[in-house]
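What the coordinates show
Next come the chains, spelled out residue by residue.
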Amino acid sequence: GAGVSQSPRYKVAKRGQDVALRCDPISGHVSLFWYQQALGQGPEFLTYFQNEAQLDKSGLPSDRFFAERPEGSVSTLKIQRTQQEDSAVYLCASSLILAGGRDTLYFGPGTRLTVL
Amino acid sequence: AQSVTQLDSQVPVFEEAPVELRCNYSSSVSVYLFWYVQYPNQGLQLLLKYLSGSTLVKGINGFEAEFNKSQTSFHLRKPSVHISDTAEYFCAVSVRSNDYKLSFGAGTTVTVRA
């Protein structure tokens, strides 16, 4: 079956531009996550949805970052007025019911964002 | 807050040789522990996880890891590697009270040579 898909796979933005990154989770998965992976680092938690409810957004670096999942399936991570420090790979993951130890996370291939 | 240290950033190894990837964590509360693998141009994939019970955990592709509470370690091992094991490996931890949030190490790149 289809896994988690993300689009675009690569995005180049000029500093100050707004970008939108899309995540299509596995069909029927309740939980959805966004992680940010800087070059040479491990992924860092950004935000967590359970269906359409955003239960934790504590990892979002600034108020320029906004995520939504309005119908409880597809999610979009939006970054306004991009800065060079936003350059990273943005990973989306989903799980069937609960997250973490009790359920397996399935990751997408990521969107590599480069801000010039 | 919990954190993870992967002690080796790069591990070169010959085909059919054993490999061990070291992972230490810090946390003041009980944790769950994970190893993920990332093949080139693919998403992270779960290799194995420790939730409770036996400290020796077996995962996919012949990998295993041992949880050592006293040393706060969760080292990953494989007795004989293949070329196809060339990938980046990430150790991760979550606290049991907030287990949806994973904290990852910086990763270990394993390169298997013939």
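Bear in mind the structure is a predicted one, so any value in this text is a computation, not a measurement.

Right, let's talk about the environment of His75(B) for a bit. All names here are of chain B. Mapped onto the fold, His75 is located in strand β9 (residues 73-78). Here His75 falls in the buried class, since its relative accessible area comes to 14%. Taking the C-alpha atoms as reference points, His75 and Glu20, separated by 55 residues in sequence, lie 6.8 Å from one another. Those residues in contact with His75 that lie beyond four places of it in its chain are Glu20, Leu21, Arg22, Cys23, Asn24, Trp35, Glu64, Ala65 and Glu66. Within the local environment of His75, its side chain forms a polar contact with the backbone nitrogen of Cys23, the two atoms lying 3.0 Å apart.

Taken as a whole and assessed by the stated rule, the structure comprises two disulfides over all chains. Note that Cys23(A) is cross-linked by a disulfide to Cys92(A), the S-S spacing being 1.9 Å. Its torsion about the S-S bond being -65 degrees, the disulfide of Cys23(A) and Cys92(A) is classed as left-handed. Separated by 69 residues along the polypeptide, Cys23(A) in strand β3 (residues 19-24) and Cys92(A) in strand β9 (residues 88-95) bring together distant segments of the chain. In this structure, Cys23(A) and Cys92(A) share a single accessibility class: buried. At a sulfur-sulfur separation of 2.0 Å, the disulfide partner of Cys23(B) is Cys91(B). On the sign convention where negative means left-handed, the S-S torsion of about -65 degrees between Cys23(B) and Cys91(B) marks this disulfide as left-handed.

Criteria and cut-off values
- Residues numbered from 1 in each chain as written.
- Chains lettered and ligands numbered in written order.
- Predicted model: local features only at pLDDT ≥ 70, side-chain atom pairs only at ≥ 80, totals over all residues.
- Heavy atoms only, no water.
- Helix = DSSP H or I, 4+ residues; strand = E, 2+ residues; numbered from the N terminus.
- Buried < 20%, exposed > 50% of the residue type's maximum accessible area, 1.4 Å probe, protein only.
- Contact = heavy atoms within 4.5 Å.
- Polar contact = N/O pair within 3.5 Å; in protein donor to acceptor, adjacent residues only side chain to side chain.
- Disulfide = S-S within 2.5 Å.

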